[in-house]
Amino acid sequence: MKDLLRIASTVSDQAELYCNSQESDSVSFENAQLKDIDSKIQSGLSLRLIKDNKLGFAYTKNLLNPKDLVDNALSSLKGGVEAEFSFPLTSEVNRVNTYDSSLEELNNMVMVKECQRLVDLLSLRTKGQINVDAGKVVEKLSITNHRGTNLSTRSSFYYSYISVFYPASYAGVHKLLVGKKFQEMPDSSVNYVLDMYNQSQEEVKPKGERMKVLFLPETLYVLIWRLKIGTSGKSVYDKETPIAEKIGEKIFDSKLTIYNDPLDDNLPGARSFDDEGVPGKYFPLVEEGVLKNFYYDLHYAKKLNTDSTGHGFRGGMGFGASESITVKPNPNLNHLYVKPGDKTFQEMLKMMDKGIIVGGVLGAHSGNLLNGDFSVGLSPGIYVENGEIIGHVKDAMVAGNIYEVMKNVVAVENVYHPSTSMGTFPSILFEDVSVATKY
Amino acid sequence: MLDELKRILSKVDADYADLRYEIKKETRIVFNGKELSQIGSNTADGYVARVLKNGGFSTIAFTSESESEKALKKATENALLLAGNLKEPVKLAPISAVKDKFKPILKEDPRNISIDEKLELTRQYNSIPLKQEGISTTAIQYFEVSREKYFVSTEGAEIREDLVTNGINGSIVSRKDNLLQNVRVGIGGSDGFYRIRNQEAEFEKKTSIALQLLEAKPVTRGVYNVILNPSMAGVFTHEAFGHFSEADLIEDSPTMREKMQIGAKLGNEVLTIIDDPTVPNQLGFYRYDDEGVLASPVTLLNKGVLSGHLHSRRTANNFSELTNGHSVAEDYRYAPIIRMGNIFIQAGTNSFEELLTELGDGLYILDAKGGQTSGENFTFGAQYAYLVKGGKITEMVRDINIVGNLYQTMQNIVSVGNDLVLSEIGGCGKGQLNIRSSHGGPHIMVKNLVIGGV
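Cut-off values and rules
- Residues numbered from 1 in each chain as written.
- Chains lettered and ligands numbered in written order.
- Predicted model: local features only at pLDDT ≥ 70, side-chain atom pairs only at ≥ 80, totals over all residues.
- Heavy atoms only, no water.
- Helix = DSSP H or I, 4+ residues; strand = E, 2+ residues; numbered from the N terminus.
- Domains from an automatic or database assignment.
- Contact = heavy atoms within 4.5 Å.
- Buried area = accessible area lost by both parts, 1.4 Å probe.
- Salt bridge = Lys/Arg side-chain N within 4 Å of Asp/Glu carboxyl O.
- Polar contact = N/O pair within 3.5 Å; in protein donor to acceptor, adjacent residues only side chain to side chain.
- Nonpolar A, V, L, I, M, F, W, Y, C, P; charged D, E, K, R; others polar.
- pLDDT = per-residue confidence, 0-100.
- Phe/Tyr/Trp six-rings, centres within 6.5 Å; stacked < 30°, edge-to-face > 60°.
- Buried < 20%, exposed > 50% of the residue type's maximum accessible area, 1.4 Å probe, protein only.
- Lys NZ or Arg CZ within 6 Å of the ring centre and 35° of its normal.
- Axes fitted to C-alpha atoms, helices over the stretch in contact; angles between N-to-C directions.
- Parallel < 35°, antiparallel > 145°, perpendicular 65-115°, else oblique.
- Left-handed = near helix turned anticlockwise from the far one by under 90°.
- Expected span 1.5 Å × (residues − 1).
- Arc of directions from axis to C-beta.
- Pairing = 2+ DSSP bridges.

Within an unreviewed UniProt entry, the label attached to chain A reads Metalloprotease PmbA, and the organism entered is Psychracetigena formicireducens.

## Overview of unusual backbone geometry
Residues and elements named next belong to chain A. For the bond running from Ser379 to Pro380, omega is 5 degrees, close enough to zero to count as cis. For Pro380, the location among the structural elements is in the loop between β17 (373-378) and β18 (381-385). Of note, the phi angle at Met422 is positive, near 75 degrees, even though the residue is not glycine. When you line up the elements, Met422 lands in the loop between β22 (417-418) and β23 (424-425). Of note, the phi angle at Asp432 is positive, near 60 degrees, even though the residue is not glycine.

## Remarks on the domain arrangement of chain B
All names here are of chain B. For chain B, the assigned domains are domain 1 (2-215) and domain 2 (218-451). Spacing between the C-alpha centres of domain 1 and domain 2 amounts to 22 Å. Between domain 1 and domain 2, the contact holds 53 residues from the first and 39 residues from the second. Taken together, both faces of the contact between domain 1 and domain 2 bury some 3900 Å²; the carbon and sulfur share is 54%. If you look at where domain 1 meets domain 2, you find seven salt bridges. Across the pair Arg50 and Glu291 runs a salt bridge, and its minimum N-O distance is 3.0 Å. Taken together, the links from domain 1 to domain 2 amount to 22 residue pairs in polar contact (both at pLDDT 80 or more). Put simply, the parts of the chain that give the side of domain 1 that touches domain 2 at least two residues each are β1 (16-32), β2 (35-53), β3 (56-62), β4 (99-102), β5 (135-153), β6 (158-176), β7 (179-189) and α4 (200-213). Partitioned by chemical class, the residues of the side of domain 1 that touches domain 2 number 25 nonpolar, twelve polar and 16 charged.

## Quick look at the side chain of A:Ser232
For A:Ser232, the position within the fold is in the loop between α6 (221-231) and α7 (233-237). A distance of 3.0 Å separates a polar atom in the side chain of A:Ser232 from the backbone nitrogen of A:Lys234.

## Considerations on the confidence of the model for chain B
Taken residue by residue, chain B gives an average pLDDT of 94. The fraction at 70 or more is 99%. Here the complex is predicted with pTM 0.92, and the ipTM for its interfaces comes to 0.90.

## A closer look at the packing of aromatic side chains
This model, assessed by the stated rule, comprises 27 aromatic pairs over all chains. Ring geometry for A:Phe85 against A:Phe87: centres 5.9 Å apart, planes inclined by 70 degrees, an arrangement best described as edge-to-face. A:Phe87 shares its class with A:Phe85; the two are buried. Relative to B:Phe203, the ring of B:Tyr125 has its centre 4.6 Å away and its plane inclined at 0 degrees; by these criteria the two rings are stacked. Of this pair, B:Tyr125 sits in helix α3 (residues 115-130) while B:Phe203 sits in helix α4, placing them 78 residues apart in sequence. This pair shows no difference in class: B:Tyr125 is buried, exactly as B:Phe203 is. An aromatic cluster of at least three residues, connected via ring pairs, comprises A:Tyr259, A:Tyr282, A:Tyr337 and A:Tyr416. Directly above the aromatic system of A:Tyr192 lies the positively charged group of A:Lys175, at a separation of 5.0 Å from the ring centroid. Over the face of the ring belonging to B:Tyr16 we find B:Arg313, whose NZ or CZ atom lies 5.3 Å from the ring centre.

## What about the packing of α3(B) against α4(B)?
Residue and element names in this part refer to chain B. Relative orientation of the contacting elements α3 and α4 amounts to 25 degrees, with a least axis distance of 9 Å. Classified by the interaxial angle, the pair formed by α3 and α4 is roughly parallel. As for how α3 packs across α4, the hand of that crossing is right-handed. Contacts between α3 and α4 involve Gln124, Tyr125, Ile128 and Pro129 from the former and Glu200, Phe203, Glu204 and Thr207 from the latter. Classifying every residue of the contact of α3 with α4 gives four nonpolar, two polar and two charged.

## A short note on the pattern of salt bridges
Enumeration according to the criterion identifies 62 salt bridges over all chains in this entry. Residues A:Lys212 and A:Asp353 are paired through a salt bridge, measuring 2.9 Å at the closest nitrogen-oxygen approach. Note that A:Lys212 is positioned in strand β8 (residues 209-215) and A:Asp353 in the loop between α9 (345-350) and β15 (354-358), a separation of 141 residues in sequence. With a relative accessible area of 11%, A:Lys212 lands in the buried category. Judged by its relative accessible area of 46%, A:Asp353 falls in the partly exposed class. In this structure, B:Asp162 and B:Arg111 form a salt bridge, with 3.5 Å as the shortest nitrogen-oxygen distance. Residue B:Asp162 is located in strand β6, and its partner B:Arg111 is located in the loop between β4 and α3; the two are separated by 51 residues in the primary sequence. Owing to a relative accessible area of 31%, B:Arg111 belongs among the partly exposed residues under this scheme.

## Remarks on the domain arrangement of chain A
All names here are of chain A. On domain assignment, one finds that chain A holds domain 1 (2-195) and domain 2 (201-439). For domain 1 and domain 2, the distance between their C-alpha centroids amounts to 22 Å. Across the boundary between the two partners, domain 1 contributes 46 residues, which contact 41 residues of domain 2. Taken together, both faces of the contact between domain 1 and domain 2 bury some 3500 Å²; the carbon and sulfur share is 65%. Our enumeration of links across domain 1 and domain 2 arrives at four salt bridges. Put simply, domain 1 and domain 2 have twelve residue pairs in polar contact (both at pLDDT 80 or more) between them. At the level of secondary structure, the elements contributing two or more residues to the side of domain 1 that touches domain 2 comprise β1 (14-30), β2 (33-51), β3 (54-60), β4 (81-82), β5 (129-145), β6 (150-165) and β7 (172-179). Here the side of domain 1 that touches domain 2 gets seven residues from one element, more than from any other, and that element is β7.

## Description of helix α2 (residues 66-77) of chain A
Residue and element names in this part refer to chain A. Taking 1.5 Å as the rise per residue, α2 with twelve residues should run 16 Å; its terminal C-alpha atoms sit 17 Å apart, in good agreement. Residues of α2 that are buried include every one of Leu69, Val70, Ala73, Ser76 and Leu77, and no others. Burial along α2 is one-sided: seen end-on, the buried residues are contained in an arc of 125 degrees. For α2, the side-chain oxygen to backbone nitrogen distance between the N-cap and Lys67 is 3.0 Å, and the N-cap itself is Asn65.

## Brief notes about the interface of chain B and chain A
Each partner contributes to the interface: chain B provides 77 residues, whereas chain A provides 80 residues. Buried surface at the junction of chain B and chain A, summed over both partners, amounts to about 6600 Å²; 47% is from carbon and sulfur atoms. Considering only the side of chain B, the residues that lose the most area to chain A are B:Asn42, B:Arg221 and B:Asp252, jointly responsible for 9% of the buried surface there. Applying the counting criterion to the chain B and chain A interface returns seven salt bridges. Among the salt bridges present, the one from A:Asp36 reaches B:Arg314, with a minimum N-O distance of 3.1 Å. Scanning the region where chain B abuts chain A turns up 37 residue pairs in polar contact (both at pLDDT 80 or more). Residue contributions to the side of chain B that touches chain A peak at eleven residues, all from β2(B). Per-class residue counts for the side of chain B that touches chain A are 25 nonpolar, 35 polar and 17 charged. Summarising the sheet, β2(A) and β3(B) pair through three bridges and their orientation is parallel. Counterpart to A:Ile41 in the pairing with β3(B) is B:Phe62.

Quick look at the structure:
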């Protein structure tokens, strides 16, 4: 690898090498039966060159010949992609705890047993379809550049995920656990899923109207996704965001504080530097409803005459499974949190005279994301009346615009939870949101 | 390479095993607005092995040949761990092992066209929207993906097949004050570079729609009778019905499997749905799937009655049905999963004008904007629609999102047009991305669809 960087540096003004390798195992139970155990052993690398303020980019999996990779990068340089930024010299970064060696030794048998234990616990109290997954990923990442930046990190990631589905559908109630090492999912999580499922088993047919809507940590990404797009340095540069001029202004309800914190290493995945080698830091996005910052990578920071905020990450926004080596860094928030409020989940339920809990969504990517519009199918919608869950709704949609809906927050849950999409969030209850049903 | 794969595979002690090696070459040219933000060609490769032992079936994806011994050992361990904990051992439906080399016939192989020409063409299409006042930006890319696949199995299969896909796609963004509108555009296919030449009219049309949307009113949410254009009909068929006929999605749900039994009356008798990867010159064409099974057409719904499922060898055995070659992987990182190849509603007899007359009052909904499904529930968006009054198309409306229930909607498709069109650009994200997912249909009329506006 040192050779590669040396060769690359001699033919360009600046060079950067990103290397990534990971081993992973996953176990899945479907309908309470063991279904699959699969593994991956993957590695690859990606090279960026800058010469005369133009960018060259190339990647490969098996580095059969370093010169070929450099040649690919040089030939892409001819295309004339602008790059007026400089790769950073980062010599010191914060220490974050991201790795637990016990996960490397974890046998797949242990994950099979944990899944079986969860299946057995869930089966005791429900006849709904039960799916349980567990898995682990151990990853190594390094970023080196011509200025002498030489950063690396090793991380361990364990997850388990339980689901109970309503009949004839993949709409259900879920709970996720993540950690740096193996751990059992607590009974409280199992009970949360069972209670929510059992109380909502009956299908109900409420009339469509404006009502209170509660987004769970698992579905809050529908709103957060649009905020991420709205606050991206790329959207600011492209003049695509409706909040370009609103730094310092109140855009949301004052109960909302939203921040990115890559240094918080309580959960797995903490990072002391981004995918361009820029140090990470606590970064407020919205404080008590007031818009504080836009976020940048090296490229868009330079375009807008500011500094990278340490948010250059490979891997796009939202969905899509591009391998990180195959994509260039772009502005992204990979460690998002919404600050917990002061109500328990039960207290929030009691505040709903009539409303819908967004348990899962279909079509989060539909609608005008740039504008902040959303319009999602509920999968499921859990219907609440007078503070009690009374059933689930089919064929319903929740729609609105985040710059209106997020102004009307009734309550924020007093604890946050990891989610499978976009961050660590509490449940949030909104007022007066449009719900369409067939009834 | 096939001999090298056979050598690696010969070391496995299993009841069945297969090994796929792929070289994936990708060319990408990306414009954000006027600016070129990415250009280049790259090559990546890797191996995927599957091992069946004592009824346990496990997959491992690995990058380097030097890891093959470790990887196969791990897959065998996983298979044995599965075997010890499974209620029903996995069996694969029998097939005849094939030895074949298949290269697609391409009209202008995109791999032989210079990157300068590709850049120039992309720049030219991108400039069509950008020169219009009211267009704030674009995101337009040229993509070209070639998968060079090598497949061997312990049953003696030796298959070499190439899949070459290219296109130009992206979005056009219009703006008036704080209102932004986004319209998708896409041209391409899997039978050669000629597909993306002389397509200026498509970019002009989509630019015009983006501008018109700035003046359109949001749709009022509610229940409507609608006509879906071929693009929308195709996405509906793919999202709402197609996924449900993928046997791996219903295999482990007794309730769904019961509803999707062969012979079940699911739709109106005007409706016949087919998945046929073997239709030449369409986006979803392939000869063999990633289990080495010859692809064949499947009539999934025949005049409203369920008549087939899409299968892997594993599910074909489980359902006691025939294999049809629908188990496909995204690339060298993945095990194959069941996918649609080219799903469409068979053309009916009504002209578009006849459908409009039959509709009377309602919405004419055009061009899909992504969709998603969860069992019987589906949702998808549309780029735009027109209000129809007394059989006449009137003003444009925006913010169209549809939510529905598969069974009810299938019954509510009351008329089928005579104008079948297949898609040129795909992108189905069922865990993996399938850029060759082709779908289509004629204009269709659907009663009582829930439209959730903003």
